[in-house]
Amino acid sequence: MKAIGNIHLIWRPGKGSRRISVGTIKKSASEGIRFQYNQDGVEEAKKLGFVHYEGFPDTSKDKIYTENVIEIFGQRLMRSERPDLQDFYDFWNIDLSKKEDKYYMLAFTQGLLPTDNFEFLAHFNPVENLSFVTEITNLLESQIPSDKVAVGDVLRYELEPNNQYDNKAVKVFKEDLYLGRIKLIHCIVFHKTSKQFDLIVQGTEKNGVLKRIFVKASL
């Protein structure tokens, strides 16, 4: 079993809004890398302003993209000439032997850009020594003071099997302080193993209150 399964193309109308899976990127030895829109997600997202991802204009259910899929999505990855590239690799816990693998890099760095509302969330499998960086959601609702969480803090979590939006939700706490939930899709792997993940704060963004908390999850 490989660590990375499918990668979901996620869209939301803005910060603080709920994430919606609008497409799936699949990789196989026989068919290569292909992309297809998720119809339920697309219909939900279109009501909120979604049109399509640039380079993949046909959102119909029968359309499967097979040409240049990873090349188009891979344009979101950090360029190798960036002076802070090593810091980027360190933050996202990248295996440097796989840094040229765009599918791997998209899965582990989430393809985040400040210029749009897309991200890429991998369906991870609970393989030995799995370690990836994810993010805690719902922080805008929580309004947690910025001094409550710091890089290096150890967090704990509880599985939440019957959340109204995601039947594989994971609630995260610092001691008894509820912080939020693990991101959509990333939360699934927590339910697929009896082993306990270690959760360590990897980075924060704050301005009086905590705006973002990134955590490293390791088996």
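Residues numbered from 1 in each chain as written. Predicted model: local features only at pLDDT ≥ 70, side-chain atom pairs only at ≥ 80, totals over all residues. Heavy atoms only, no water.

Enquirer: Describe helix α1 (residues 39–46), and please don't skip the residues or the numbers.
Expert: Turning to α1, its buried residues are G41, V42 and A45. In an axial view of α1, the angular spread of the buried residues amounts to 100°, which keeps them on one side of the axis. On the buried face of α1, the contacting elements are β1 (4–11), β2 (20–28) and β3 (32–37). (Buried < 20%, exposed > 50% of the residue type's maximum accessible area, 1.4 Å probe, protein only. Helix = DSSP H or I, 4+ residues; strand = E, 2+ residues; numbered from the N terminus. Arc of directions from axis to C-beta. Contact = heavy atoms within 4.5 Å.)

Enquirer: Please give an account of unusual backbone geometry that cites residues and values.
Expert: Here the phi dihedral of N68 falls at roughly 55°; this positive angle occurs in a residue that is not glycine. Structurally, the position occupied by N68 is in the loop between α1 and α2 (69–73). You will see that Q110, though not glycine, has its phi angle at about 70°, which is positive. With respect to the helices and strands, the residue Q110 is situated in the loop between α4 (102–109) and β4 (118–124). What makes Q110 buried here is its relative accessible area of 0%.

Enquirer: Residues and numbers for the packing of aromatic side chains, please.
Expert: Applying the stated rule across the entire model yields 25 aromatic pairs. Measuring from ring centre to ring centre gives 4.5 Å for Y104 and F108, while their planes differ by 25°; the resulting arrangement is stacked. Taken as a pair, Y104 and F108 lie in helix α4 at a separation of four residues, close to a single helical turn. Given the relative accessible area of 6%, F108 is considered buried. By the ring-pair criterion, three or more aromatic residues cluster together here, those being W11, F35, Y37, F50, Y53, F56, Y65, F73, F118 and F120. It is K63 that lies over the ring of Y65; its NZ or CZ is 4.9 Å from the centre. Over the ring of F173 we find R156; its NZ or CZ atom is 4.3 Å from the centre of that ring. (Phe/Tyr/Trp six-rings, centres within 6.5 Å; stacked < 30°, edge-to-face > 60°. Lys NZ or Arg CZ within 6 Å of the ring centre and 35° of its normal.)

Enquirer: So what about the pairing of strand β8 (residues 177–182)? Which residues, and what values?
Expert: Bridge count for strand β5 (residues 131–137) against β8 is two bridges, and the pairing is antiparallel. Counted as the bridge partner of T137 is R181 from β8. Looking at chain direction, strand β7 (residues 169–174) and β8 are connected through four bridges and run antiparallel. Paired with K171 across the strands is R181, a residue of β8. Taken together, β7 and the strand that follows it, β8, pair antiparallel across an intervening segment of two residues, in which E175 is found at a positive phi of about 55°. (Pairing = 2+ DSSP bridges.)

Enquirer: Tell me about the sheet that holds β3, and please be specific about residues and values.
Expert: The four strands lie next to each other as β3-β2-β1-β4, forming an open sheet whose pairing is antiparallel. Both outer strands of the open sheet, β3 and β4, are each paired with one neighbouring strand and no more. Averaged over all adjacent pairs, the angle separating strand axes in this sheet is 25°, with direction ignored. In this structure, β1 lies alongside β2, joined through five bridges in antiparallel fashion. Pairing of H8 across the sheet is with T24, part of β2. Sheet contacts for α1: β1, β2 and β3; angle to β2, the most-contacted strand, approximately 150°. Running at roughly 60° to β1, α4 makes contact with β1, β2, β3 and β4 of the sheet. (Axes fitted to C-alpha atoms, helices over the stretch in contact; angles between N-to-C directions.)

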